[in-house]
Amino acid sequence: MSDTGTGSSTDSRNGTDPADMAETRVTADAAETADAAEARDAREASAQLSTTPEQEQSEPPNLPSLGVIGWARWFWRQLTSMRVALILLLLLSLGTVPGSLIPQNSVDAAKAAEFRQNNPTLSGFYETFQLFDVYSSVWFSAIYILLFVSLIGCIVPRSWQFVGHLRARPPRAPRRLDRMPAYTTWHTDEDPEQVLEAARSTLRRRRFRTEADGPGGSVAAEKGYLREAGNLVFHVALIVMLVAFAAGQLWRSEGGKLIVQGDGFANTLTQYDDFRAGSLYSTDSLDSFGFTLDSFHSSFEPSGPQKGTPREFRADVTYWEGADGEEKKAAIEVNRPLSVGDSKVFLLAHGYAPVVSVTDGQGDVAFRGPVPFLPLDANVTSQGVVKVTDYRDAKGEKDQLGFQGFFVPTYLPGSGQMASQFPALTNPALFLTAYRGDLGVDGGQPRSVYQLDVEKMKQFTEKGGDPLAKVLEPGDTMELPNGAGELRFESVERWASFQISQEPGKGWALGGAVAAVLGLAGSLFLSRRRVWVRAVAGPDGRTVVEMAALGRSESARVPEELGDLAERLRHAAPLAPARPEAVSTASPDSPEAPASPESPASPARTDRSAEGAGQ
């Protein structure tokens, strides 16, 4: 039977002193409070190292169960996430593949029409998915617009977050710096305030932003903001490139013109051989200028394994701006266009134009002039036609003539084939066959000047019934049978083809590409990191200096940089000599031995097990 009136301090149930139990609970609660404080300090130390908005740093939001607004908010968050932006960018890149492999109507309508004619089944599939007009298709435009919206929605909150980081103070030093991934410490005889002032000066010289954490406490420093800035610059540059690409497609113009030596060109719509423009382009935006092709120069490797390789292409022109502009001389070469206003004149190709004269059956000159022949190979074997519409036969009746054939600048007699042996004009020859009949130029349908439609024409024949065909050299004549007239090969002229372009977004696209490369380099090679320096008076009267560093990502450069900073700081706060009498006061193996070192400082180290405290 227990005695309850004696004031015994012993628990009758287990023999434990209640005071000891209370003290144990208080100690446990204090330990939990200290651990929670240290964990909070570690979280604060590693916080704000990312420009990710707060809603992306927290746990993913639950999908809304009801309401159109909730679903719209969820869809917006998904669209503006970086993951979706990268997926859309990949889809946009894949979408350009068919635009490069399949003939496009906006680039070469004739080639696209030829593909449809040769591949009717496959063309139907391509037409269904708008693969002949990839860059103006519905699906490509949808990807483009979604990517544009996604990037803007992703960058705007990150930009505000980054601005907030720039204005925020570096976080205060955690209570236990030795738990940071990189850490070093030593003793010095200098005053703590002097050590902290030297630390601030050292960190500022290394371009750290510093903040004192109370008098006699610690210094917090931060560096590496250009990493986030580079990331934002990269994504802003992508938007600039997208805008430039859109502007270049909507307001661009591009036209081609073949000019024979001595002829000229005026920048009006009727002067172009072909012309393409964006949907928002107006012909009123054509720059007022013109030019004349004075001469064309070319040179080729004469011998060796690179025989025939071009060495020089140059078009000498005389150009003017405006109706009464002053004439100026210029040279247009490959990749060296002529810039006039907002337009650029590029040199695309060159060739030869045989000069022929045709006399009709009445002895009158029905045609005379250079006829451009189009090259078929690297040695400029060319094909072309001569069309004569103003012609009368031997009876005085109106008719039309057509000649088609080949021209070679270097002909090899006796070879039996019309194939040029060299691209330079060494031994020119012209091979022609002759037709008479309807050229089809009066039917209102457009006809190519480089092709001859012989469906309604009859070929001239010789006495034996063979088709009339002849190889001509300069000065030779081709007689037509039955007094129908003759064709004379007089000489050869040069021609060059030019492309006149207006590309309003090209400069912006180039600037965006350069900025994207610089921003990507900054985000890849720079790192965000923080450094803390604490200097407090120890129990022995000397100052204990602690330094720790934390990086946004694991890197060997963080402890190396901390070691370099510590070495610089030790010039102002040198190591204190060891005190043997202090070492003898406690055994190294004793649990009460002080954690602070009495010997010279240890180098900065990386503690893998402590990294979790900084995450």
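Just so it is clear, the structure is predicted and the values come from calculations on it, not from any experiment.

Peer 1: Could you give an account of the overall build of the protein chain, with specific residues and numbers?
Peer 2: Secondary structure assignment for the protein chain yields 12 helices and 23 strands. Looking at the protein chain as a whole, 39% of its 615 residues are labelled buried. Put simply, 66% of the contacts in the protein chain that link residues at least 6 apart link residues at least 24 apart. By element, 55% of the accessible surface of the protein chain is carried by carbon and sulfur atoms, the whole surface being about 34,100 Å².

Peer 1: Any chance you could break down the pairing of strand β20 (residues 485–502) for me, citing the residues and the numbers?
Peer 2: With respect to burial, β20 is a largely interior element, 13 of its 18 residues being buried. Pairing of strand β4 (residues 253–260) with β20 involves eight bridges; the strand directions are antiparallel. Among the inter-strand pairings, Ser-253 is bridged to a residue of β20, identified as Gln-502. Bridge analysis of strand β11 (residues 343–359) against β20 gives 15 bridges, and the strand direction is antiparallel. Pairing of His-350 across the sheet is with Ala-496, part of β20. Bridge analysis of strand β19 (residues 477–480) against β20 gives four bridges, and the strand direction is antiparallel.

Peer 1: Residue-level account of the packing of aromatic side chains, with values.
Peer 2: Tallying each qualifying case throughout the model produces 19 aromatic pairs. A ring pair is formed by Phe-115 and Phe-132, whose centres lie 5.9 Å apart and whose planes are at 65°; its orientation type is edge-to-face. Linking Phe-115 in helix α5 (residues 109–118) with Phe-132 in the loop between α6 (120–128) and α7 (138–167), this pair joins segments that are 17 residues apart in sequence. Exposure remark for Phe-132: the relative accessible area of 1% places this residue in the buried category. With a centroid separation of 5.9 Å and 40° between ring planes, the pair formed by Tyr-144 and Phe-245 is classed as tilted. Here Tyr-144, found in helix α7, pairs with Phe-245, found in helix α9 (residues 225–250); they are 101 residues apart in sequence, far enough to count as distant. On the basis of relative accessible area, Tyr-144 is assigned to the buried category, the value being 12%. A relative accessible area of 34% means that Phe-245 is categorised as partly exposed. Ring-pair connections join several aromatic residues into one group, and the members of that group are Phe-265, Tyr-272, Phe-275, Tyr-281, Phe-291 and Phe-498. Here the basic side chain of Arg-116 rests over the ring of Phe-132, its NZ or CZ set 4.4 Å away from the ring centre.

Peer 1: Kindly report on the confidence of the model for the protein chain, identifying the contributing residues and their values.
Peer 2: Averaged over every residue, the pLDDT of the protein chain is 81; residues scoring 70 or more account for 82%. Low pLDDT, under 50, characterises residues 606–615; the predicted model gives this stretch 19 contacts beyond four residues in sequence or across chains.

The rules we used
Residues numbered from 1 in each chain as written. Predicted model: local features only at pLDDT ≥ 70, side-chain atom pairs only at ≥ 80, totals over all residues. Heavy atoms only, no water. Helix = DSSP H or I, 4+ residues; strand = E, 2+ residues; numbered from the N terminus. Buried < 20%, exposed > 50% of the residue type's maximum accessible area, 1.4 Å probe, protein only. Contact = heavy atoms within 4.5 Å. Areas by Shrake-Rupley, 256 points an atom, 1.4 Å probe, with all protein chains shown as cover. Pairing = 2+ DSSP bridges. Phe/Tyr/Trp six-rings, centres within 6.5 Å; stacked < 30°, edge-to-face > 60°. Lys NZ or Arg CZ within 6 Å of the ring centre and 35° of its normal. pLDDT = per-residue confidence, 0-100.

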